[in-house]
2 protein chains.
Amino acid sequence: MTMKATVHVFLKPGVLDVQGKAVESALYGLGWSGAANVRVGRVIEFDIDAADRATADAEVRAMCDKLLANPVIEGYRVDVA
Amino acid sequence: MTMKATVHVFLKPGVLDVQGKAVESALYGLGWSGAANVRVGRVIEFDIDAADRATADAEVRAMCDKLLANPVIEGYRVDVA
């Protein structure tokens, strides 16, 4: 059974998001002062082949811990549909 | 009124996603052969101050065209909530 997995990877709340800060000041420089708390993350989408949704979910979480995210500074959210 | 904007930026379908290919072969190398069609994109989340949701949406789209995405090779999806 093929399912669609979506993984969102973000820096943990305490970690300074320099990319987000850069985007925020660039937006400000372009005249958009209404944007605040900018966070930049990665999103990884792929098709996954697994017996059922729970297995796929567990497998994607293992992928995140091993490769897709750096668990020291990043958190992730997994959606399997 | 402050709303939460989420922007997903992905390479357009015809554009070779080298990062996605790299992730796919890394997953394969780690023993996960069930993952296919890996696409890696960016996600940008921020708070936006606007009169209403339609205004915020239009403003975020303008931000995408000017700064957040490269319209030549990237597409984007905007969610304002």
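In this text, all values refer to a predicted model and were calculated from it rather than measured experimentally. (Residues numbered from 1 in each chain as written. Chains lettered and ligands numbered in written order. Predicted model: local features only at pLDDT ≥ 70, side-chain atom pairs only at ≥ 80, totals over all residues. Heavy atoms only, no water.)

Q: Help me get a handle on the overall build of chain A, residues and values and all.
A: Within chain A one finds two helices and three strands. Counting from the amino terminus, chain A carries its helices and strands in the arrangement β-α-β-α-β. By principal-axis analysis of the C-alpha atoms, chain A measures approximately 50 × 25 × 15 Å. Looking at chain A as a whole, 41% of its 81 residues are labelled buried. Of the contacts made within chain A by residues no fewer than 6 positions apart, 71% connect residues no fewer than 24 positions apart. (Helix = DSSP H or I, 4+ residues; strand = E, 2+ residues; numbered from the N terminus. Buried < 20%, exposed > 50% of the residue type's maximum accessible area, 1.4 Å probe, protein only. Contact = heavy atoms within 4.5 Å.)

Q: Any chance you could break down the packing of helix α1 (residues 18-29) of chain A against helix α2 (residues 53-68) of chain B for me, citing the residues and the numbers?
A: Viewed as axis vectors pointing N to C, α1(A) and α2(B) meet at an angle of 105 degrees, and their least axial separation amounts to 11 Å. Here α2(B) runs roughly perpendicular to α1(A), going by the angle between their axes. On the side of α1(A), the interface is formed by A:Val23, A:Ala26 and A:Leu27, while α2(B) contributes B:Met63, B:Leu67 and B:Leu68. Here the residues of the contact of α1(A) with α2(B) sort into six nonpolar, no polar and no charged. (Axes fitted to C-alpha atoms, helices over the stretch in contact; angles between N-to-C directions. Parallel < 35°, antiparallel > 145°, perpendicular 65-115°, else oblique. Nonpolar A, V, L, I, M, F, W, Y, C, P; charged D, E, K, R; others polar.)

Q: Tell me what's going on with the layout of surface pockets, and back it up with residues and numbers.
A: Roughly 270 Å³ of internal volume is contained in the largest pocket. Every residue lining the largest pocket is counted, 19 residues in all, and those nearest its centre are A:Gln19, A:Gly41, A:Arg42, B:Gly41 and B:Arg42. The residue makeup of the lining of the largest pocket, split by class, is nine nonpolar, four polar and six charged. (1 Å grid on protein atoms, 1.4 Å probe; cavity = no way out; pocket = protein on both sides within 12 Å on 5 of 7 lines; lining within 4 Å. Points joined across faces, edges and corners; volume = space filled by probe spheres on them.)

Q: Report on the environment of A:Val7, specifying residues and quantitative values.
A: Residues and elements named next belong to chain A. Along the chain, the position of Val7 falls in strand β1 (residues 2-11). Each C-alpha atom of the pair Val7 and Val60 lies 8.2 Å from the other, and the pair is 53 residues apart in sequence. The contact partners of Val7, leaving out residues within four places of it in the chain, are Arg42, Val43, Ile44, Phe46, Val60, Cys64, Leu68, Tyr76, Arg77 and Val78.

Q: Residues and numbers for the interface of chain A and chain B, please.
A: Every contact between the two is made by 30 residues of chain A and, on the other side, 30 residues of chain B. A combined buried area of about 2600 Å² lies between chain A and chain B, and 68% of that area is made up of carbon and sulfur atoms. Ranking the residues of chain A by area buried against chain B places A:Trp32, A:Val43 and A:Glu45 at the top, with a combined share of 22%. At the boundary of chain A with chain B, the tally comes to zero salt bridges. Put simply, chain A and chain B have eleven residue pairs in polar contact (both at pLDDT 80 or more) between them. Of all the secondary structure elements, the ones that give two or more residues to the side of chain A that touches chain B are β1, α1, β2 (35-49) and α2 (53-68) of chain A. A per-element tally of the side of chain A that touches chain B places β2(A) first, with 15 residues. (Buried area = accessible area lost by both parts, 1.4 Å probe. Salt bridge = Lys/Arg side-chain N within 4 Å of Asp/Glu carboxyl O. Polar contact = N/O pair within 3.5 Å; in protein donor to acceptor, adjacent residues only side chain to side chain.)

Q: Describe the pattern of salt bridges, naming the residues involved and giving the relevant values.
A: Close approach of charged atoms allows side chains with opposite charge to pair. Residues and elements named next belong to chain A. The full count for this structure, using the stated rule, is six salt bridges over all chains. A salt bridge links Arg61 to Asp57; the nearest nitrogen and oxygen atoms lie 2.9 Å apart. Taken as a pair, Arg61 and Asp57 lie in helix α2 at a separation of four residues, close to a single helical turn. Residue classification places Arg61 among the partly exposed residues on the basis of a relative accessible area of 35%. Look at Asp57 and you get partly exposed, because its relative accessible area is 23%.

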